[in-house]
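Here are the chains, one letter per residue:
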Amino acid sequence: VAKYWAENNKGLTSNIDAVLTGITPTTDTSSPAAIEAYLVTTVQGQTFTLTAGDEMVVTTLDHEANVSTWRAMAADRDVTVHTVDIDPDDVTLDLEDLESKLGPRTKLVAVGYASNAVGTVNPVAQIMDRARAVGALGIVDACQSIPHMSVDVASLGADLVAWSGHKMLGPTGLGLLWGRPEV
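Each chain carries its own residue numbering, running from 1 in the written order of its sequence. Totals for whole chains, interfaces and linings use every residue, but because this is a predicted model, local features are given only for residues with pLDDT of at least 70 and side-chain atom pairs only at 80 or more, for both listing and counting. Processing note: side-chain calculations cover all non-hydrogen atoms of the structure and skip hydrogens and water entirely.

Engineer: So, empty space enclosed by the protein: which residues are in play, and what are the values?
Structural biologist: A 1.4 Å probe that fits but cannot get out identifies a cavity on a 1 Å grid over protein atoms alone, an open set with protein on both sides within 12 Å along at least five of seven lines counts as a pocket, and a residue lines either if it has an atom within 4 Å of a point. Grid points are joined across faces, edges and corners, and a volume is the space filled by probe spheres set on the points. Taken as a whole, this structure holds 1 cavity of 30 Å³ or more when the rule is applied. As a volume, the largest cavity reaches approximately 40 Å³. Lining the largest cavity, in full, are Val57, Thr59, Val84, Leu93, Leu95, Leu98, Val109, Ala110, Val111 and Ile127. We count a stretch as a helix when DSSP gives it H or I for four or more residues in a row; a strand needs E for two or more, and each element gets its number in order from the N terminus. Per-element accounting of the lining of the largest cavity gives the leading share, 3 residues, to strand 7 (residues 106–112).

Structural data, given as structure tokens:
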């Protein structure tokens with residue numbers, strides 16, 4: 001995929017650099033889709049291992065592609081998925097509910113940077129801090145935000161950040177995954 005990207009998307013790197021900061025060749029992975037980038041990293045066990053009794057956290061504001069991926073993986077491994085609710089008054093994540101869902105068995109916190117349905121921009125740095133405090137891997141789905149705002153991926157505090165090329169007027173089915181070098 002990386003070879004295909006390099007051969008067929010010359011010049012796009014400067015466009016990506018104009019929108020994103022913190023991107024280097026050693027921290028990026030291209031894949032056929034953002035969701036596949038998640039799966040390549042997680043299913044092969046390169047990042048962490050999930051076992052029966054472990055827990056994941058997603059939110060009601062997340063895109064279905066993000067939530068369904070983690071639910072399918074959890075079902076295969078007898079892992080519990082907790083869903084953080086929203087505050088109905090302002091359609092933001094209920095951070096007290098997030099806090100109640102985190103614990104010593106939490107291995108992964110996956111959250112969208114922005115909601116595709118209502119436009120809420122989540123406090124991902126704060127959420128990633130909470131994930132790290134319980135020793136969980138923090139993953140941000142930035143598909144809905146990167147086309148609309150400048151994003152310094154390193155400042156999000158996430159272990160992994162994924163987005164789709166087609167959301168940036170690129171080819172359908174191409175995804176990018178940024179990861180902290182130590183991950």
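Engineer: So what's going on with helix 6 (residues 124–133)? Which residues, and what values?
Structural biologist: The buried label goes to any residue with under 20% of its type's maximum accessible area, the exposed label to any with over 50%, and the partly exposed label to all in between, with areas taken from a 1.4 Å probe on protein chains only. Turning to helix 6, its buried residues are Val124, Ile127, Met128 and Ala131. Seen end-on, helix 6 carries its buried residues on one side only, within an arc spanning 100°. Of the residues trailing helix 6, Gly135 is marked for its positive phi of about 80°. Arc definition: it is the arc formed by the directions from the helix axis to the C-beta atoms.

Engineer: Run through the environment of Ser100, naming residues and quoting values.
Structural biologist: Position of Ser100 relative to the elements: it lies in helix 5 (residues 95–101). Residue classification places Ser100 among the exposed residues on the basis of a relative accessible area of 55%. When the C-alpha positions of Ser100 and Val84 are compared, they lie 8.9 Å apart, and in sequence the two are 16 residues distant. Whenever a nitrogen or oxygen atom comes within 3.5 Å of another N or O atom, the pair is scored as a polar contact, on the condition that within protein one atom can donate a hydrogen and the other can accept it, and that pairs from neighbouring residues in sequence are kept only if both atoms are in side chains. Separated by 2.7 Å, the side chain of Ser100 and the backbone oxygen of Asp97 make a polar contact.

Engineer: I'd love a proper account of unusual backbone geometry, names of residues and values included.
Structural biologist: Outside of glycine, negative phi angles account for most residues, and trans bonds account for most peptide bonds. Although it is not a glycine, Asp78 adopts a positive phi angle of roughly 60°. Residue position: Asp78 is located in the loop between helix 4 (64–77) and strand 4 (80–84). Here Asp78 falls in the exposed class, since its relative accessible area comes to 56%.

Engineer: Kindly report on the pattern of salt bridges, identifying the contributing residues and their values.
Structural biologist: Here a salt bridge means any side-chain nitrogen of Lys or Arg lying within 4 Å of a carboxyl oxygen belonging to Asp or Glu. Applying the stated rule across the entire model yields 5 salt bridges. Residues Arg132 and Asp129 are paired through a salt bridge, measuring 3.2 Å at the closest nitrogen-oxygen approach. With Arg132 and Asp129 both in helix 6 and 3 residues apart, this pair spans about one turn of that helix. Taking relative accessible area as the criterion, Arg132 reaches 41% and is therefore assigned partly exposed. Ionic pairing is found between Asp159 and Arg180, a salt bridge with its closest N-O pair at 2.2 Å. Of this pair, Asp159 sits in the loop between strand 9 (151–152) and strand 10 (160–164) while Arg180 sits in the segment after strand 11 (175–179), and the two are 21 residues apart along the sequence. Arg180 gets classed as partly exposed once you look at its relative accessible area, which sits at 24%.

Engineer: Any chance you could break down helix 4 for me, citing the residues and the numbers?
Structural biologist: If you check helix 4, its first and last C-alpha atoms are 20 Å apart, about what 14 residues at 1.5 Å a residue would give, namely 20 Å. Among the residues making up helix 4, those that are buried are Asn66, Val67, Thr69, Trp70, Met73 and Ala74. Down the axis of helix 4, the buried side of the element spans an arc of 160°, and every buried residue falls inside it. Facing away from the buried side of helix 4, by more than 90 degrees, are the exposed residues Glu64, Ala75 and Asp76. Positioned one or two residues after helix 4, Asp78 has a phi angle of 60°, which is positive. A helix is expected to span 1.5 Å multiplied by its residue count minus one.

Engineer: Mind laying out the nonpolar core, listing which residues take part and the relevant values?
Structural biologist: Val109, Val140, Val161 and Trp163 are the most contacted members of the largest nonpolar core, which has 25 residues in total. Those elements giving two or more residues to this core turn out to be strand 7, helix 6, strand 10 and strand 11. Residue contacts for Val161: discarding those within four places in its chain leaves Val140, Ala142, Val153, Leu156, Leu176, Leu177 and Trp178. In this text, buried Ala, Val, Leu, Ile, Met, Phe, Trp, Tyr and Cys residues form a nonpolar core when linked through side-chain atoms within 4.5 Å. Leu50, Ala110, Ile139 and Ala162 belong to the second largest nonpolar core, which has 16 residues in total. Any two residues whose heavy atoms approach within 4.5 Å are treated as being in contact.

By themselves, these observations are geometric and do not establish any function.
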